[in-house]
Amino acid sequence: MLWAALAALAVGAVLCVIGWYGVSGERFAERQLPYVASCTVPGAALIVAGAVLLAHARSALAAARVEELYGLLVATGPAEPAPATRAAAGGALRMVPGGTLWHRADCALVAGKREAVPADAGILSAGALAPCPICEPERPPEPDDPSSAPGPAPEPAPEP
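Let us look at the structure shown here.

Reading the values: rules and limits
- Residues numbered from 1 in each chain as written.
- Predicted model: local features only at pLDDT ≥ 70, side-chain atom pairs only at ≥ 80, totals over all residues.
- Heavy atoms only, no water.
- Helix = DSSP H or I, 4+ residues; strand = E, 2+ residues; numbered from the N terminus.
- Buried < 20%, exposed > 50% of the residue type's maximum accessible area, 1.4 Å probe, protein only.
- Contact = heavy atoms within 4.5 Å.
- Salt bridge = Lys/Arg side-chain N within 4 Å of Asp/Glu carboxyl O.
- Polar contact = N/O pair within 3.5 Å; in protein donor to acceptor, adjacent residues only side chain to side chain.
- Pairing = 2+ DSSP bridges.

A look at the overall build of the protein chain
And then number 1: Looking only at helices and strands, one finds 4 helices and 4 strands in the protein chain.
And then number 2: Listing each helix as α and each strand as β along the protein chain from the N terminus yields α-α-α-β-β-β-α-β.
And then number 3: Burial status across the protein chain gives 14% buried among its 160 residues.
And then number 4: Of all intrachain contacts in the protein chain linking residues separated by at least 6 positions in sequence, the fraction that spans at least 24 positions is 57%.

If you want it as structure tokens, here you go:
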């Protein structure tokens, strides 16, 4: 498709040059019209068609490259861990100070990085960090808030 686009662009340019040359050699408009109709208009149409084909060929090439990269990523990605392994890995949450996401400890974005620290439960409960879209960590259990816990039941009033 790339070669067809380049050929259409080249033929269109040649036709436009021939049309311009023919029009420039004629003094009267009625004698210029055949050059415009037979060379310049089809040449311009071929240039537009070549540009469209070139854009389509480049986007098709880019789409093929993206598909190839996605295939490589999926093929070499780790297999889905067993539920017990995932639960064990989900227990240790990590975050990077100044970051916007929280991760599982085995997430590829934070694994082996010294700046990754254990996630602070207060920051997580405040909603300041979003879960990582790569490792999809489970939300930790909410810390017990004494102010929201039900207090002791009131004592019944003594009977007279």
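Here's the deal with the environment of Pro34
And then number 1: As for its position among the elements, Pro34 is in helix H2 (residues 29-76).
And then number 2: A relative accessible area of 46% places Pro34 in the partly exposed class.
And then number 3: When the C-alpha positions of Pro34 and Val23 are compared, they lie 8.6 Å apart, and in sequence the two are 11 residues distant.

Points about the pattern of salt bridges
And then number 1: Following the criterion strictly, the structure yields 2 salt bridges and no others.
And then number 2: A salt bridge links Arg31 to Glu26; the nearest nitrogen and oxygen atoms lie 3.4 Å apart.
And then number 3: Of the charged contacts, one joins Asp106 and Arg104 as a salt bridge, the two residues approaching to 3.0 Å between their closest N and O atoms.
And then number 4: You can call Asp106 partly exposed: its relative accessible area is 41%.

Observations concerning the side chain of Arg104
And then number 1: Positionally, Arg104 belongs in strand E2 (residues 101-104).
And then number 2: A distance of 3.0 Å separates polar atoms of two side chains, one belonging to Arg104 and the other to Asp106.

Examining the pairing of E2
And then number 1: Bridge count between strand E1 (residues 93-95) and E2: 3 bridges; the pairing is antiparallel. When the sheet's bridge partners are listed, Met95 is paired in E2 with Trp102.
And then number 2: Taking the residues that link successive antiparallel strands as the turn, the E1-E2 hairpin has 5 residues, and the phi of Gly98 there is positive, at about 85°.

Remarks on the sheet that holds strand E4 (residues 130-131)
And then number 1: Spatially, the 4 strands line up as an open sheet ordered E3-E1-E2-E4, and their pairing is mixed. Since the sheet does not close on itself, it has two edges, and those belong to strand E3 (117-118) and E4, each with one partner.

Points about the side chain of His103
And then number 1: The residue His103 is located in strand E2 in this model.
And then number 2: His103 has contacts with Ala92, Leu93, Arg94, Leu109, Val110, Cys132, Cys135 and Pro137, leaving out every residue within four places of it along the chain.

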